[in-house]
Amino acid sequence: MTTFADLHLCPELVHTLEELGYKQPTPIQAQAIAPILEGKDLIAEAQTGTGKTAAFALPMIQRLSREPVNGDYHHIRGLVLVPTRELAVQVGDNALEYGRLLGMRVISIFGGVRFDNQIRKMKRGADILVATPGRLLDMLKQKKLSLEHLEMLVLDEADRMLDLGFIHDIRKLMSYMPEQRQTLLFSATLNGPVETLAESLLQQPLRIQVTRRNAASQQVKQSAYAVTNADKTDVLSYLIREGDWRQTLVFTRTKRRADLVAAQLQEEGISALAIHGDRHQRERLAALQAFSNGEVQVLVATDVAARGLDIEALPQVVNYDLPNQPEAYVHRIGRTGRAGKRGWAVSLVAPEERRFLQDISALIGKPLQVQPVPRFENGRLIEGAPLAEKKTRRKSAKSGGGEKSKAQGESQKISKPARSAGRRSLFSG
Ligand code: AMP
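What counts as what
- The numbering scheme is per chain: residues are counted from 1 as the chain's sequence reads.
- Totals for whole chains, interfaces and linings use all residues, but because this is a predicted model, local features are given only for residues with pLDDT of at least 70 and pairs of side-chain atoms are given and counted only at 80 or more.
- The side-chain numbers reported here are obtained from all heavy atoms of the structure, hydrogens and water having been left aside.
- UniProt positions are given in the numbering used here, feature names are shortened, and annotations may be inferred rather than shown by experiment.
- Partly exposed residues are those whose accessible area sits between 20% and 50% of the maximum for their type, while under 20% is buried and over 50% is exposed, using a 1.4 Å probe and protein chains only.
- Under the DSSP-based scheme used, a helix requires at least four consecutive residues in state H or I and a strand at least two consecutive residues in state E, with every element numbered from the N terminus.
- Two strands make a pair as long as DSSP finds a minimum of two bridges between them.
- We call a crossover right-handed when, viewed with both strands directed away from the observer, the connection leading from the first strand over the helix to the second proceeds clockwise.
- Lines fitted to the C-alpha atoms define the axes, with helices restricted to the stretch that makes contact. Angles between their N-to-C directions range from 0 to 180 degrees.
- Values of pLDDT, ranging from 0 to 100, describe the predictor's confidence in every residue of the model.
- Here a residue-residue contact requires only that any non-hydrogen atoms of the pair lie within 4.5 Å.
- Whenever Lys or Arg places a side-chain nitrogen within 4 Å of a carboxyl oxygen from Asp or Glu, that contact is recorded as a salt bridge.
- Near, as used in this document, describes a residue that has one of its heavy atoms within 4 Å of the molecule or strand being considered.
- In protein, a polar contact means a hydrogen-donor-capable atom and an acceptor-capable atom, both N or O and within 3.5 Å, with residues adjacent in sequence counting only if both atoms are side-chain atoms; elsewhere, any N or O pair within 3.5 Å suffices.
- Values of accessible area rely on a 1.4 Å probe in the Shrake-Rupley scheme; residue burial ignores everything except the protein chains shown.
- Only the six-membered ring of Trp is used, alongside the rings of Phe and Tyr, when aromatic pairs are assigned; centres must lie within 6.5 Å, and planes under 30 degrees apart are stacked while those over 60 apart are edge-to-face, with the rest tilted.
- Criterion for a charge above a ring: Arg CZ or Lys NZ at most 6 Å from the ring centre, at most 35 degrees from the ring normal.
- Helix span, expected: 1.5 Å multiplied by one less than the number of residues in the helix.
- Oblique is the label for every angle not falling under 35 degrees (roughly parallel), over 145 degrees (roughly antiparallel), or within 65 to 115 degrees (roughly perpendicular).
- Note on convention: near helix rotated counterclockwise from far helix by under a right angle means a left-handed crossing. Clockwise means right-handed.
- Under the convention adopted here, Pro, Cys and the residues Ala, Val, Leu, Ile, Met, Phe, Trp and Tyr are nonpolar, Asp, Glu, Lys and Arg are charged, and Gly plus all remaining residues are polar.

As annotated in an unreviewed UniProt entry, the protein chain carries the name ATP-dependent RNA helicase RhlE and comes from Marinobacterium maritimum. Taken from UniProt, the Sequence similarities (unreviewed entry) comment for the protein chain reads in full: "Belongs to the DEAD box helicase family."

A. Spotlight on the pairing of strand 11 (residues 298-301). Burial along strand 11 is two-sided: the residues Val 298 and Val 300 and Leu 299 and Ala 301 are all buried. In terms of strand pairing, strand 10 (residues 272-275) meets strand 11 through four bridges, oriented parallel. Looking at the pairing, Leu 273 lines up with Leu 299 of strand 11. Taken together, strand 10, helix 12 (residues 281-292) and strand 11 form a β-α-β motif whose crossover is right-handed.

B. Structural context of the sheet that holds strand 7 (residues 206-209). Strand order in the open sheet made by the seven strands is 3-4-2-5-6-1-7, with parallel pairing throughout. Both outer strands of the open sheet, strand 3 (106-109) and strand 7, are each paired with one neighbouring strand and no more. Taking the axes of each pair of neighbouring strands and ignoring which way they run, one obtains an average angle of 15° across the sheet.

C. Summary view of the confidence of the model for the protein chain. A residue-level look at the protein chain finds 85% of positions with pLDDT of 70 or above and a mean pLDDT of 84. Between residues 389-429, whose pLDDT stays under 50, and residues either more than four places distant or in other chains, the model counts 47 contacts.

D. Broad picture of the pattern of salt bridges. Per the counting criterion, the structure on display carries 16 salt bridges. Residue Asp 116 is joined to Arg 114 by a salt bridge in which the shortest nitrogen-to-oxygen separation is 2.7 Å. Between Arg 332 and Asp 303 there is a salt bridge; the shortest N-O distance is 2.8 Å. Of this pair, Arg 332 sits in helix 14 (residues 326-333) while Asp 303 is found in helix 13 (residues 303-306), placing the two residues 29 residues apart along the sequence. What makes Asp 303 partly exposed here is its relative accessible area of 30%. Through salt bridges with shared partners, one network takes in Lys 52, Asp 156, Glu 157 and Arg 160.

E. Examining the site of the ligand more closely. As a structural note, the neighbourhood of the ligand is formed by 13 residues, with Tyr 22, Gln 29, Gly 49, Gly 51 and Thr 53 the closest of them. Within the backbone of Gly 51, a nitrogen or oxygen atom sits 2.7 Å from an oxygen atom of the ligand. Separating an oxygen atom of the ligand from a side-chain N or O atom of Thr 53 is a distance of 2.6 Å. When the ligand is considered free in solution it has 490 Å² of accessible area, and contact with the protein chains removes 75% of it.

F. Seen up close, the UniProt feature "short sequence motif: Q motif" (unreviewed entry) in the protein chain. Annotation from UniProt places "short sequence motif: Q motif" (unreviewed entry) at residues 2-30. A distance of 7 Å separates the end C-alpha atoms of residues 2-30, which is 48% helix and 0% strand.

G. Spotlight on unusual backbone geometry. Unusually for a residue other than glycine, Lys 143 sits at a positive phi of about 55°. On the basis of relative accessible area, Lys 143 is assigned to the exposed category, the value being 72%. The backbone of Glu 157 shows a phi angle near 50°, a positive value even though the residue is not glycine.

H. Looking closely at the packing of aromatic side chains. As enumerated under the stated definition, the model contains four aromatic pairs in all. Measuring from ring centre to ring centre gives 6.2 Å for Tyr 22 and Tyr 98, while their planes differ by 70°; the resulting arrangement is edge-to-face. With a gap of 76 residues between them, Tyr 22 in the loop between helix 1 (11-20) and helix 2 (27-37) and Tyr 98 in helix 4 (residues 85-99) connect regions that are remote in the sequence. By relative accessible area, Tyr 22 is classed as partly exposed at 33%. Seen in terms of ring centroids, Trp 245 and Trp 344 are 5.4 Å apart; in terms of plane orientation they differ by 75°. Their pairing is edge-to-face. With Trp 245 in the loop between helix 10 (232-242) and strand 9 (248-251) and Trp 344 in strand 13 (residues 343-349), the pair connects residues that are 99 residues apart, well separated along the chain. Classification of Trp 344 as buried rests on a relative accessible area of 10%. The residue whose ring lies beneath Lys 221 is Trp 344, and the NZ or CZ to ring-centre distance is 4.4 Å.

I. Spotlight on helix 11 (residues 255-267). The terminal C-alpha atoms of helix 11, which comprises 13 residues, lie 19 Å apart, in line with the 18 Å expected from a rise of 1.5 Å per residue. By the burial criterion, the buried members of helix 11 are Arg 257, Ala 258, Leu 260, Val 261, Ala 262, Ala 263, Gln 264, Leu 265 and Gln 266. Two residues or fewer past helix 11, Gly 269 is found with a positive phi of approximately 85°.

J. Layout of the packing of helix 14 against helix 15 (residues 355-364). It is at 8 Å that the axes of helix 14 and helix 15 come closest, and there the two elements cross at 60°. Classified by the angle their axes make, helix 14 and helix 15 are oblique. Considering the relative orientation of helix 14 and helix 15, their crossing is right-handed. For the pair helix 14 and helix 15, contact is made by Pro 326, Glu 327, Tyr 329 and Val 330 and by Asp 359, Ile 360, Leu 363 and Ile 364, respectively. Its residues assigned to classes, the contact of helix 14 with helix 15 comprises six nonpolar, no polar and two charged.

Here it is in structure tokens:
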């Protein structure tokens, strides 16, 4: 078992981590800390929840603490750029906590609050500054602070910073920094724009990739069932009912499908709510709360809406639609089997989605093969014993039987969720 001391962290930091109850490094910490201490540039693919903040903050603190500060003013030597105010506060708090025994001065600055207050905070400088790009640029333009002494730069959640349109601010910020510095980039996904940014800022970086904690863990059983698109809701409600699934998170490809599936489950008497980007944050939180405390049995979500939801140890996660990005599959199933509990990730795979299975299998490192939908007998799952045709075909039969006629019927069904949402209370069931 690797310990923090094995990663060459100094006794003060090891002691602090002990006090915080961190027993051993997470995978990203185990991989990133030693090379950062050696001064290497690094690009890491890691989501929130992997322990990425400590992975860059601990070695940054240790490196900066090697040189004592003369005088009362602390020059900024470490800078962490973050996309949002919330993350600025969180990263700042963590770094302050980690660096307390080493006397690190850490300050966070971000937009949306009074400029003069933040300037006052910076009066005696900071060893580590955590900042959103726009506000930092304003302060530099007004010569309220300087980055001339910068030694280490971290771009945290780089993909989100680019999504939020910070690229121009980031480029401008570079002109205020010395070229000679160590640069680290962390991003939940490494897409084209992030790679381009990394190429222009980093020098011969080490690359690290980790998945969410527990993501493809042994604790998660993964099943893929062959269904037609038209049968998906029937199969889903069969599994929920017969399997007595109490808390189930269901992922769909689009917002419209999320609404549709939730409405169809409601019609089957299963309490379900949809959350997606069109819903207000208030509505999303209410839905999440209802789901967490068991008032609602099924939450139907798009990938974007589910980001950042922290629900402990879900017993089942369902891919109603397979994602076309294999990484999304790993994120989704990372919601089950958490905290040492067993979980079950079920994918409903239509013929046209089978082509996604290969990439997913490659990423998770084991083959994911489609099987027939299983049968339940007295609550017991009988795998490999296909569910009788008529059970899953009930609805399709009504609308003419075939996939085609059902697909045609779907356009008439689209207006249903709107109607039923109006008819039913949000938390019915
Ligand atoms: P992050 O991915 O940086 O947002 O960290 C997620 C959470 O994990 C934070 O609440 C950290 O305090 C916590 N954490 C980070 N590293 C460890 C560790 N090695 N052991 C236990 N908890 C940790």
